[in-house]
Amino acid sequence: LIANEDRNQGNELITTHDWKLHLIYHSRAFRRSKRMPQYFLDSSVKIPFELYERLLAVSLESMQELLDGVLDKGRIKALVARRDKMVEKFEKGFR
């Protein structure tokens, strides 16, 4: 959703006490691009139904309310457009 264009191994940390992956350095996130990365479009993606339901709850209005003063309207619209594309892909997988 955040469209971080700078995702690479240098921006990933794994804590050894619990082996969790932490994605760091989001300075190139929340861009205005509405496109999805090709690797996402080409891959078979499955998610828990609960996550799918939560994605459905994301709307322009809810994001504007939550992110007002943090992101401008264009970035919020792009986030919601990417959400729409994610939901569409997941719905195709349910069929």
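Residues numbered from 1 in each chain as written. Predicted model: local features only at pLDDT ≥ 70, side-chain atom pairs only at ≥ 80, totals over all residues. Heavy atoms only, no water.

This paragraph deals with the side chain of Lys 89. Tracing the sequence through the fold places Lys 89 in helix H4 (residues 73-94). Buried charge without a partner: Lys 89 forms no salt bridge, and the closest opposite charge is Asp 42, 7.1 Å away. (Helix = DSSP H or I, 4+ residues; strand = E, 2+ residues; numbered from the N terminus. Buried < 20%, exposed > 50% of the residue type's maximum accessible area, 1.4 Å probe, protein only. Lys, Arg positive; Asp, Glu negative; His and termini not counted. Salt bridge = Lys/Arg side-chain N within 4 Å of Asp/Glu carboxyl O.)

Turning our attention to the environment of Lys 89. Classification of Lys 89 by relative accessible area gives buried; the value is 19%. Once the C-alpha coordinates of Lys 89 and Phe 40 are considered, the two residues, 49 residues apart in sequence, prove to be 9.3 Å apart.

With that out of the way, let us pick up the confidence of the model for the chain. Per-chain confidence: the chain averages 90 in pLDDT, with 98% of residues scoring 70 or above. Mean pLDDT values for the elements of the chain range from 84 in helix H1 (residues 38-42) up to 96 in helix H3 (residues 60-67). (pLDDT = per-residue confidence, 0-100.)

Bringing the pattern of salt bridges into the picture now. Evaluation of the coordinates by the stated rule reveals six salt bridges. With a shortest N-O distance of 3.6 Å, Glu 88 and Lys 92 are connected by a salt bridge. Of the two residues, Glu 88 and Lys 92 both sit in helix H4, four residues apart, roughly one turn of that helix. With relative accessibility at 45%, the residue Glu 88 sits in the partly exposed group. Via salt bridges that share partners, Arg 32, Asp 72 and Arg 75 belong to a single interconnected network.

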